[in-house]
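Residue-level structural notes
Here are the chains, one letter per residue:
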Amino acid sequence: MNLLFNDSSITVAIVGCGGFIGCHLLDAILTRTKWRVFGVDLDFYRIQHRLSDERCEFMVADLADKSVVERIAKYPVVVNLAAICTPSRYMAEAPEVIRSNYDHPAALADACAKSGSWLIHFSTSEIYGRTSADSGLLLEDETELTFGPVTASRWSYATAKLLTERYIAGLKNLKWTVVRPFNFVGPYMDFMPGVDGSGIPRVLANFSSALVRGEPLKLVNGGVAKRSFTSVFDAVDFLFALFETGKMGRLSEAALENAPEKSPFSQAFNIGNPDNELTIAELANKMRKIYAEIKGVSVESIPEPQVVSGVEYYGEGYEDSMRRLPSVEKAERLLGFKAKTPIDDVLRESLEWFVKHYGSAS
Ligand code: UDP
């Protein structure tokens, strides 16, 4: 075990510790290191098995509470994963989505700037905005950002996330890293509508729910939009590469001065897997095939996908990004990290988990 991972004096604060990414990060920290965790969330169902771990302290709270924000910022490394990120809510509850994705993380950034903590803030690949079908690789520091009109409230989430990035980058004295996830998928993603959540989750959970219920998969506006799907386990490996490169925030001034181009601080990183790009219609067909294999039935017995209009499906104000292909050169160059899990493996693992977890609840 390396010295950093073996250092039991390190405590990481994870905001959103009970969520999809948080639960996998927590598991990895507790298995790969000797660190302690201070975990904050409103819901802990995904991490029941960790609640009595003596290396963890958990708090039921959110960032709306100022005293909680100050408490979190006492830890030297803070990972903020908390967000409202259910797509149907971007149209139905734009003000609340904006408060959750701007006001709360900005307050945490202020507190970290004051305490000197390293803030690792999870943003989104949505900040690349209304990309077109022929847009190429999205580069962290070069790509132009274009959004739809303010009446298209799909962009409420992306706009708030982008403003938070700008706020963080503008804060003097804040040691920060911004992470932009490109369609993370894996076990425990989102929820099954009507079982443990409401509204429309992201595409993987939606398609998985429809498969388990024997309903047709809905292809929004024909399913021609493209996404690059990334295993959540690759995302956790990215975080470990980041932790190591930044030496848990202790990277010395001398090291930073000697090789400023290698610093993981004051940087936004895409985390994605450009090899796993699919149209949503291709995703639907892959998932139908894998589901048929898991259930030992013919793919013809699984209902054909159905085309629906985006506005009818999500509500007034829905628009889409047509392609979201990450450049991952920066993470490779600065952190030596590259996502490696192929799309078929990611989807099989996710679907097997979904069937086991929700198979009897549908
Ligand atoms: N989508 C779809 N059917 C669904 C859910 C989503 O066709 O049941 C489409 C959606 O319109 C978008 C893509 O799948 O083009 C990815 O949507 P998601 O909500 O997962 O996240 P996004 O990448 O847009 O943030």
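The structure this text deals with has already been given above.
To keep things clear, this report deals only with the structure shown in the data block.

Parameters at a glance
- Residues numbered from 1 in each chain as written.
- Predicted model: local features only at pLDDT ≥ 70, side-chain atom pairs only at ≥ 80, totals over all residues.
- Heavy atoms only, no water.
- Near = heavy atom within 4 Å.
- Polar contact = N/O pair within 3.5 Å; in protein donor to acceptor, adjacent residues only side chain to side chain.
- Helix = DSSP H or I, 4+ residues; strand = E, 2+ residues; numbered from the N terminus.
- Nonpolar A, V, L, I, M, F, W, Y, C, P; charged D, E, K, R; others polar.
- Phe/Tyr/Trp six-rings, centres within 6.5 Å; stacked < 30°, edge-to-face > 60°.
- Buried < 20%, exposed > 50% of the residue type's maximum accessible area, 1.4 Å probe, protein only.
- Lys NZ or Arg CZ within 6 Å of the ring centre and 35° of its normal.

1. Structural notes on the site of the ligand
Taken together, 19 residues form the shell around the ligand, and within it Val-203, Asn-206, Lys-218, Arg-227 and Asp-320 come nearest. Here Tyr-318 contributes a side-chain N or O atom positioned 2.7 Å from an oxygen atom of the ligand. Those elements that provide at least two residues to the shell around the ligand are helix H6 (203-213), strand S9 (218-220) and helix H10 (310-314). Here the residues of the shell around the ligand are counted per class, giving 10 nonpolar, 2 polar and 7 charged.

2. A short note on the packing of aromatic side chains
By the definition in use, this model includes 21 aromatic pairs. Between Trp-35 and Phe-243, the aromatic rings sit 5.6 Å apart at their centres with planes inclined by 75 degrees, giving edge-to-face as the arrangement. Of this pair, Trp-35 sits in the loop between helix H1 (20-32) and strand S2 (36-41) while Phe-243 sits in helix H7 (residues 232-245), and the two are 208 residues apart along the sequence. Taking the relative accessible area as the measure of exposure, Trp-35 reaches 0% and is therefore buried. Plain terms: the ring middles of Tyr-102 and Tyr-167 are 6.0 Å apart, the flat faces sit at 90 degrees to each other, and that makes the pair edge-to-face. Highlighted residues: Tyr-102 in helix H4 (residues 94-115) and Tyr-167 in helix H5 (residues 156-170), separated in sequence by 65 residues. Here Tyr-167 falls in the partly exposed class, since its relative accessible area comes to 27%. Connected via pairs of aromatic rings, a cluster forms that spans Tyr-45, Tyr-188, Trp-353, Phe-354 and Tyr-358. A cation sits over an aromatic face here: Lys-330 above Phe-269, 5.5 Å from the ring centre.

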